[in-house]
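Per-entry structural report
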Amino acid sequence: MVHIPKHAGRLSLVLLTVSQVAWFFFASNFPDARWVGTSLHVVTFAAAAYYSFLAARQTQDNARIGQVLSLLGIGAVSFSIASATWLYYVYGLQTEVPFPSLADVFFIGTAVSFFVALLRWARGISMALTPLAELAAGVAAFVFLGTYAYSSISYLPSLESDAAKAIALVVPFFDTGMAVLAILILFSVSGSLRKRQFPILASAILLLLADLVFYTRVANGSFTNIGDPADLLYGLTGCSLLLAGLINFQAVRASANS
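Small disclaimer: the values here were computed from a predicted structure and weren't measured.

Before going further, it helps to spend a moment on the packing of aromatic side chains. For the structure on display, the rule yields 13 aromatic pairs. Pairing Phe-144 with Tyr-148 gives two aromatic rings, centres 6.4 Å apart and planes at 40°, and the pair type is tilted. Taken as a pair, Phe-144 and Tyr-148 lie in helix H5 (residues 131-155) at a separation of 4 residues, close to a single helical turn. Relative accessible area serves as the criterion here: at 9%, Phe-144 is assigned to the buried category. Ring plane angle 80° and centroid distance 5.0 Å describe the contact between Phe-214 and Phe-223, whose orientation is recorded as edge-to-face. When its relative accessible area of 23% is taken as the criterion, Phe-223 is described as partly exposed. One aromatic cluster is present, built from ring pairs that chain together Phe-45, Phe-79, Phe-107, Phe-214, Phe-223 and Tyr-234.

Quick look at the structure:
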């Protein structure tokens, strides 16, 4: 069992969550400090990955959830690296981040990792395919596909390269699949592990919303790197995943000490 300070994770979660929310409200007062929000993403997702891997390695009562946490941890590492790469472009190379860039490779890695995590989770449980669940999943697919398609009408033609257009279509594809899986899992998860599993699912849902907000705001030209709603949602995605790792890790540690 890994020994870490008892309240280190909880303190990190509180500080990072408060910082994400505070930066969203006060970022406009510091227009030259774009690095703050992105740096928070680097740290938040790195912490989320650490506790996800820690919980996954210790989780023995549910190997499937351990695998899901590992995959989400990989996605968190990918997002942290993508954010760090963005910082390197802007503050290391003193240039605007091109599209596509190396950062986009890792951002896509996050979407793919989260999708595979939900797919692994869904394949390991008995899906409650009730009419309500099927309707909710269908509505989710319609909303995501419709919103992305509407935004793409103006956005995709403005992209100069085929590579950029292809990348712009990858995330919507995986997001739509994740939306359907998330809804079906939400209707199917039950039992004593519900409390421990919900923050895992919440992190995936927050990522979906963040991607949707980011894509639509970029498409209509309203995205800003200073306190954008998409940045807040990405930050809360990391915080939710950090919470999921903490809950599962603490549950295992409590069980080992009992």
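All right, on to the nonpolar core then. With 65 residues, the main nonpolar core has Leu-118, Trp-121, Ile-185, Ile-200 and Leu-242 as its most contacted residues. Within the residue set of this core, elements represented by two or more residues are helix H1 (8-26), helix H2 (34-58), helix H3 (63-92), helix H4 (102-123), H5, helix H6 (162-188), helix H7 (194-219) and helix H8 (229-257).

The next thing to look at is unusual backbone geometry. In the segment running from Phe-99 into Pro-100, the intervening peptide bond is cis, with an omega of 5°. Looking at where Pro-100 falls in the secondary structure, it is placed in the loop between H3 and H4. A positive phi is found at Gln-94, a non-glycine position, where the angle reads about 55°. By secondary structure assignment, the location of Gln-94 is in the loop between H3 and H4. The class for Gln-94 is exposed, based on a relative accessible area of 62%.

If you trace the backbone, Asp-211 turns up in helix H7. Here Asp-211 sits buried without a salt bridge, and the closest side chain of opposite charge, Arg-217, lies 13 Å off (N-O distance). Within the structure, Asp-211 has its side chain in polar contact with the side chain of Tyr-234 (distance 2.6 Å). Not counting chain neighbours up to four residues away, the residues in contact with Asp-211 comprise Tyr-148, Val-171, Asp-175 and Tyr-234.

This part is about the environment of Leu-72. Tracing the backbone shows Leu-72 in helix H3. Put simply, Leu-72 and Thr-110 are 38 residues apart on the chain and 8.1 Å apart in space, counted from C-alpha to C-alpha. Every residue in contact with Leu-72, bar those within four places of it in the chain, is listed here: Phe-114, Ala-117, Ile-200, Ser-203 and Leu-241.

A cluster of nonpolar side chains, Leu-132, Leu-135, Val-139, Phe-142, Val-143, Leu-186, Phe-187 and Phe-198, forms an exposed patch at the surface whose accessible area comes to about 790 Å². Counting residues per element, the ones that place at least two in the nonpolar patch are H5 and H6. Element by element, the count of residues in the nonpolar patch is highest for H5, at 5 residues. Among the structural elements, Leu-186 can be located in helix H6. The class for Leu-186 is partly exposed, based on a relative accessible area of 36%.

About the criteria used
- Residues numbered from 1 in each chain as written.
- Predicted model: local features only at pLDDT ≥ 70, side-chain atom pairs only at ≥ 80, totals over all residues.
- Heavy atoms only, no water.
- Phe/Tyr/Trp six-rings, centres within 6.5 Å; stacked < 30°, edge-to-face > 60°.
- Helix = DSSP H or I, 4+ residues; strand = E, 2+ residues; numbered from the N terminus.
- Buried < 20%, exposed > 50% of the residue type's maximum accessible area, 1.4 Å probe, protein only.
- Core = buried A, V, L, I, M, F, W, Y, C linked by side-chain atoms within 4.5 Å.
- Lys, Arg positive; Asp, Glu negative; His and termini not counted.
- Salt bridge = Lys/Arg side-chain N within 4 Å of Asp/Glu carboxyl O.
- Polar contact = N/O pair within 3.5 Å; in protein donor to acceptor, adjacent residues only side chain to side chain.
- Contact = heavy atoms within 4.5 Å.
- Patch = residues over 30% accessible without salt bridge, like charges linked within 9 Å, V, L, I, M, F, W, Y side chains within 5 Å.
- Areas by Shrake-Rupley, 256 points an atom, 1.4 Å probe, with all protein chains shown as cover.

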